[in-house]
Amino acid sequence: MTVTDDLIKRAAKDLAAASHVVALTGAGISVESGIPPFRGKGGLWEKIDPMEYAHIDAFLRDPAKVWGVLIKEMKDVVDQALPNDAHKGLARLEDLGLLKTVITQNVDGLHQAAGNTDVIEFHGSFAWQKCMDCHNRCETRKINLEQIPPRCNCGGIFRPEVIFFGELIPPQHLSRSQLAASQCDIMLVIGTSAVVQPASLMPVISKESGAKVIEINPERTPLTGTVSDYIILGKAGEVTRKIVTEVEQLIS
Ligand SMILES: [Zn+2]
């Protein structure tokens, strides 16, 4: 048996014995769904300058320009993306009564699409658009791009429900996340190096509250060996699927 297999069994045993699991997820969990990360090599911010296209001032100054490049590109990717085995695994852990909350840095809506019901989205959601005038909401995949920027029936411009650069993370998202992080007995960190605030605080809060912190990441992160109890190196979908299969056997 490999080290990874050993750790998968260990994680399954820990999860099966837990009563309140919280997951923190980042871009790495959605890579297998075809969604490229924003940061890092091959990321969207290498192609598109975020200050020119992802800052709220840029959007307010010229919504057609931001819609025509960044939002259209994201819509093309997100409209077609489906939850992968990692998202489905977390939804299954909720079905089993173990997982209570997902805290995510992602805006792709794939946790909800997989079936998780309590998802805190630090950076908002790209799955929905909101009219800037009447606040009417529309699913992003139903938005018609014949007219750029797309407009609501009232004539107002639609904007994604994401947090643009220059906008604040809603304080209630932060306080709810901190509460969830402090209440869990296991914090599962999947697909994020958790170096960006405020996400980076959540595993620390869990650890200080007595929880086990388990990482599933392709490589070691600043959490590894300091905050996390152990790391399972590998792809989010594959590792999560194996863990959940083991958990199902343990608690059935
Ligand atoms: Zn409107």
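Residues numbered from 1 in each chain as written. Predicted model: local features only at pLDDT ≥ 70, side-chain atom pairs only at ≥ 80, totals over all residues. Heavy atoms only, no water.

**Examining helix H8 (residues 171–183)**
For step 1, the next point in the chain: With 13 residues, H8 extends 18 Å from end C-alpha to end C-alpha; this agrees with the ideal 18 Å at 1.5 Å per step.
For step 2, the next point in the chain: Within H8, burial applies to Ser-177, Ala-180 and Ala-181. Mapping the buried residues of H8 onto a view down its axis gives an arc of 95°, with all of them on the same face.
For step 3, the next point in the chain: Those residues of H8 that are buried lie in contact with strand S1 (21–25), strand S2 (99–104), strand S3 (119–121), strand S7 (186–190) and helix H9 (201–208). (Helix = DSSP H or I, 4+ residues; strand = E, 2+ residues; numbered from the N terminus. Expected span 1.5 Å × (residues − 1). Buried < 20%, exposed > 50% of the residue type's maximum accessible area, 1.4 Å probe, protein only. Arc of directions from axis to C-beta. Contact = heavy atoms within 4.5 Å.)

**Here we look at unusual backbone geometry**
Trans peptide bonds make up the majority, and among non-glycine residues the majority have a negative phi.
For step 1, the next point in the chain: For the bond from Ile-148 to Pro-149, the omega torsion is -5°, close enough to zero to count as cis.
For step 2, the next point in the chain: By the secondary structure assignment, Pro-149 is in the loop between strand S5 (137–139) and strand S6 (158–162).
For step 3, the next point in the chain: At the junction of Gln-197 and Pro-198, the peptide bond is cis and its omega measures out at 0° in the coordinates.
For step 4, the next point in the chain: Not every positive phi belongs to a glycine, and His-135 is a case in point at roughly 65°.
For step 5, the next point in the chain: Residue position: His-135 is located in the loop between strand S4 (124–131) and S5.
For step 6, the next point in the chain: The phi dihedral of Ala-194 is positive, around 50°, even though this residue is not glycine.
For step 7, the next point in the chain: One can find Ala-194 in the loop between S7 and H9.
For step 8, the next point in the chain: For Ala-194, a relative accessible area of 6% translates into the label buried.

**Regarding the coordination of the zinc ion**
For step 1, the next point in the chain: The zinc ion binds to the protein through Cys-131 (SG), Cys-134 (SG), Cys-152 (SG) and Cys-154 (SG), with metal-donor distances spanning 2.3 Å.
For step 2, the next point in the chain: Note that the zinc ion binds four donor atoms; their angles at the metal cover 102 to 117°, and the shape is tetrahedral.
For step 3, the next point in the chain: You can call Cys-134 partly exposed: its relative accessible area is 42%.
For step 4, the next point in the chain: Of the residues examined, Cys-154 reaches a relative accessible area of 45% and is grouped as partly exposed. (Donors = N, O, S within 2.8 Å, 3.2 Å for Na, K, Ca; no water. Tetrahedral: all angles 85-135°; square planar, octahedral: opposite > 155°, others 65-115°.)

**A short note on the environment of Asp-14**
For step 1, the next point in the chain: Take Asp-14: it is sitting in helix H1 (residues 3–16).
For step 2, the next point in the chain: Separated by 71 residues in sequence, Asp-14 and Asp-85 have C-alpha atoms that sit 20 Å apart.
For step 3, the next point in the chain: Dropping the residues within four chain positions of it, Asp-14 is found in contact with Ile-186, Lys-212, Ile-214 and Tyr-230.

**A few points about the pairing of strand S8 (residues 212–217)**
For step 1, the next point in the chain: With respect to burial, S8 is a largely interior element, five of its six residues being buried.
For step 2, the next point in the chain: Handedness of the crossover joining S7 and S8 through H9: right-handed.
For step 3, the next point in the chain: With four bridges connecting them, S8 and strand S9 (residues 230–233) associate as parallel partners. Residue pairing for S9: Ile-214 is matched across the bridge by Tyr-230. (Right-handed = clockwise from strand over helix to strand, strands pointing away. Pairing = 2+ DSSP bridges.)

**Remarks on the pattern of salt bridges**
For step 1, the next point in the chain: Counted under the stated rule, the structure contains 13 salt bridges.
For step 2, the next point in the chain: The salt bridge involving Glu-73 is made with Lys-47; its shortest N-O contact spans 2.9 Å. One end of the pair, Glu-73, is in helix H5 (residues 63–80); the other, Lys-47, is in helix H2 (residues 44–47), with 26 residues separating them in the sequence.
For step 3, the next point in the chain: Note on Lys-47: relative accessible area 63%, which makes it exposed.
For step 4, the next point in the chain: As a salt-bridge pair, Lys-65 and Glu-52 come within 3.0 Å of each other at their nearest N and O atoms. A residue pair is termed long-range when its members are at least 10 positions apart, and Lys-65 in helix H5 and Glu-52 in helix H3 (residues 50–53) qualify at 13 residues.
For step 5, the next point in the chain: With relative accessibility at 31%, the residue Lys-65 sits in the partly exposed group. (Salt bridge = Lys/Arg side-chain N within 4 Å of Asp/Glu carboxyl O.)

In short, geometric facts, not functional conclusions.
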